[in-house]
Every structure is written in structure tokens, then in C-alpha cells.
Amino acid sequence: MSGDLIHGGAVDAIAAAFPEATKPWVDLSTGINPWPYPNTDVSARALARLPTQADQDACRDAMASALKAPAQSIVLAPGSECLIRLLPDLIHPRRIALLSPTYGDHAKAWSRAGAELVQTDDPLRVSSSVDAVILTHPNNPDGRRFDPEALEEVRQDLAARGGWLIVDEAFADLIPEQSLAPKGGADGLIILRSFGKFFGLAGLRLGACLAPDGLRNALKDRLGAWPVSGAALEIGTRAYADFTWQAQTRTRLAEAADRLDLILHDAGFEQVGGTALFRFIITKDAYAVFETLARAGIYTRRFAWSKTHLRVGLPGSSEAEARLRAALTPSTGLASLPR
């Protein structure tokens, strides 16, 4: 199958490809929190009426408080994916340094726009020779982090030349102390934020762009009067204001990631990166491991650009952890695969 090489979460597609797999499926193919924010009741008003400006402002302000960002720098959007696709219509850098490997839709969006892409594992090193630098922080899929002070130096240099530092912070709720959100609105800085991953409500479709005035106004014009649903605004406002849940969740995710590390270590796999929402492992035949796990009803994330790497998300229960451990035992045939 090839659909899983684009995005994770396509459980319907993988179930069709492996009809003999153990049921129910354990989906470890995404970096989405398996324990979503629980307070998701929505008022009848949020569903029956168009969102007001006050509704949008309330969600924006709650997000700003959680991110320690200037509220006026934030534009809400229906997820960060649409923002990735909109940016090439709003700014026009000719030569872009793009962190590689990273989330693949960045390269697709800018390639379609005709930009020259310099894909590199060290985009900061070449920042002086490009019009924009794009990176995900922490990175997906390897969890790589960057020094915020180094990012600020690059931003200042790019801004002085009319360029851009574009930082996809889809997983930055895990490391809020390293986010650039407090600098939101600074010249030459674009920050993309995602609600769904950390809060575990990807289907809600809520995200944001933090940007300077001119770009922010242009983005608002493109998104229109009601870019985010009333339900998403209501739940997002509540969740961003729930600092207790956020702190407890960071601890819970870290503990779950430690348990996943032990499972992978005991199975003989080398971990080479990741975040508290996923681990990035290396093996000599990642596709064979992927298919063996799939036959056991466990969906992981493989990549078109590598046959040696897999990304494994957090099992969401002790039963899911047990199934993963069992699937990685010698009796499954994995013992014969080169690690």
C-alpha cells in the first residue's frame, strides 16, 4: 500500500490492505495524544449560530495566555495544514532552506509555488544565502530541537533582508519553554500552531498563525469571516485555559513515552529521536517491520524517503502496550528481521 506514505491515521486504508489483521486496530501512526482533552461538551448556541467576533477573540486570548504570546499576533485557522498551503500565496521567497527530513507538506506547498528548495539537515547554517528558512520545532519525525537564541539570530538577519523564518510548532505544546510564541508578531517571523496534537482533538480542526501585521491581515482576508467553527472555538477556549490539565498531560505523556522506550529497547530497536508523543526508530528493514506489525493489527508510520526508519506513536492503554510488546516478541517472526 502507498497511502500510509503520505500521512498517518488512515486506519480505513490500512485495514483494507491487511484484512486478516488482528482487530481492533491499534493506531500508532500519528503523533496525536491518545488521551484527548475530556471537556468537550458544546452548547447548542455554538452549533446553531455563526461564531461572533467575541467567540473568536475569547479563543484567541485563551491561546495567547497558554502560549505566552501577544494576542494581537494570532490569527485562528481551521488547523495548521491549511496555513502551510496558504503561505505560498501570501509571501514569495524565491530560495528557501527547508529542514530535512521534516513534515512533507512544507516541501510540497513550496515546490508547487515554484520556489527553489534547499533541503538540508542544517537550515540555519545556510540562512544567509536564502530568502526564508522553514523548520518544524520540535521536528517531525525525529524530534530535533533548535536553540531559541540561534533561531532569534536567524530571524533578525532574515527580517533585515525582507526574509522570513517560518517555524512549524505543531508539537511545541510539549516544550513550551522553547517556543518562539512569546515573540509572535516580530518582523520576519511566522509561527504555525496546531491544537489537535497535544490536546488530542485533531478532528476539531483548530490552529493558528502568529505573524506581523501585514501578513496577518492578508491571511484574515483569505480565511474569511468564520474560519473556525463555533464548536472548535468553544472547546479551544476551555482547553487553552485549563493549565492544570496541560501540566498533568505533559507528565502523563512523558511517562507513556518512557514505557514505549522500554518496549522498543527490549525488542532490540534503536531509538534515534522523537518527542513525548512519538518515537523515531531505525532498523535495517523498516518496511518488513511495518508489515509484520500491521498483520498484528498495529499501525505505525513508515516513510517514502527511508526504508530504515519508523515512527511509533504512544499506545493509549495498557492493553495496547501489551499488544505492541507481544507483536515485537520473537514468536511474531521479528526475531529473524535485521535490527
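In the block above lies the structure referred to throughout.
Residues numbered from 1 in each chain as written. Predicted model: local features only at pLDDT ≥ 70, side-chain atom pairs only at ≥ 80, totals over all residues. Heavy atoms only, no water.

(A) Highlighting the sheet that holds strand β12 (residues 301-303). The antiparallel open sheet is built from four strands, whose spatial order is β9-β10-β13-β12. Looking along the sheet, the strands with just one partner apiece sit at the ends: β9 (270-275) and β12. Strand-to-strand twist of the sheet, defined as the mean angle between neighbouring strand axes without regard to direction, takes the value 25 degrees. As judged from the two bridges shared by β12 and strand β13 (residues 306-313), these two strands associate in the antiparallel manner. For F303, the partnering residue across the bridge sits in β13 and is S306. Its contacts with the sheet put helix α10 (residues 243-266) on β9, β10 (278-282) and β13, and the angle it makes with β10 is roughly 20 degrees. Sheet strands in contact with helix α11 (residues 286-295) are β12 and β13, and its direction is about 40 degrees off that of β13. (Pairing = 2+ DSSP bridges. Helix = DSSP H or I, 4+ residues; strand = E, 2+ residues; numbered from the N terminus. Axes fitted to C-alpha atoms, helices over the stretch in contact; angles between N-to-C directions. Contact = heavy atoms within 4.5 Å.)

(B) Representation of the packing of aromatic side chains in the model. Taken as a whole and judged by the stated rule, the model has 13 aromatic pairs. An aromatic cluster is built from Y37, F195, F198, F199, Y240 and W245, whose rings are joined through pairwise contacts. Lying over the aromatic face of Y287, R302 brings its terminal NZ or CZ to 4.4 Å of the ring centre. One cation-aromatic arrangement involves R302 over F290; the distance from NZ or CZ to the ring centre is 4.7 Å. (Phe/Tyr/Trp six-rings, centres within 6.5 Å; stacked < 30°, edge-to-face > 60°. Lys NZ or Arg CZ within 6 Å of the ring centre and 35° of its normal.)

(C) Seen up close, the packing of helix α4 (residues 81-90) against helix α8 (residues 213-223). Packing of α4 against α8 leaves a shortest axis separation of 11 Å and a crossing angle of 115 degrees. The two elements α4 and α8 cross, and the hand of that crossing is right-handed. Contacts from L83, L86, L87, D89 and L90 of α4 reach α8 at L215, A218, L219, R222 and L223. Taken together, the residues of the contact of α4 with α8 sort by class into eight nonpolar, no polar and two charged. (Left-handed = near helix turned anticlockwise from the far one by under 90°. Nonpolar A, V, L, I, M, F, W, Y, C, P; charged D, E, K, R; others polar.)

(D) Highlighting the environment of Q72. Along the chain, Q72 turns up in the loop between α3 (53-67) and β2 (74-77). Classification of Q72 as exposed rests on a relative accessible area of 56%. Considering only alpha carbons, one finds Q72 and G200, 128 residues apart in sequence, at a separation of 26 Å. (Buried < 20%, exposed > 50% of the residue type's maximum accessible area, 1.4 Å probe, protein only.)

(E) Main features of unusual backbone geometry. Here the bond from K23 into P24 is cis, since omega is -10 degrees, no more than 30 degrees from zero. With respect to the helices and strands, the residue P24 is situated in the loop between α1 (11-17) and β1 (26-27). The backbone of K68 sits at a positive phi, close to 55 degrees, despite the residue not being glycine. For K68, the location among the structural elements is in the loop between α3 and β2.

(F) Fine view of the side chain of D168. Following the sequence through the fold, D168 ends up in strand β6 (residues 164-169). In this structure D168 is buried but unpaired, with K197 as the nearest side chain of opposite charge at 6.6 Å. The residues touching D168, leaving out its near neighbours within four places in the chain, are I84, Y103, H106, L135, T136, H137 and L192. (Lys, Arg positive; Asp, Glu negative; His and termini not counted. Salt bridge = Lys/Arg side-chain N within 4 Å of Asp/Glu carboxyl O.)

(G) Molecular detail of the sheet that holds strand β5 (residues 132-136). Reading across the sheet, the seven strands line up as β2-β8-β7-β6-β5-β3-β4 and stay open at both edges, with mixed pairing between neighbours. Strands with a single pairing partner mark the edges of an open sheet, and in this sheet they are β2 and β4 (116-120). Across the sheet, the axes of successive neighbouring strands diverge by a mean angle of 20 degrees, strand direction being ignored. Pairing of β2 with strand β8 (residues 207-210) involves four bridges; the strand directions are antiparallel. Across the sheet, I74 pairs through a bridge with L210, a residue of β8. Running at roughly 155 degrees to strand β7 (residues 189-194), α4 makes contact with β2, β6, β7 and β8 of the sheet.

Distances and angles like these do not, on their own, reveal function.
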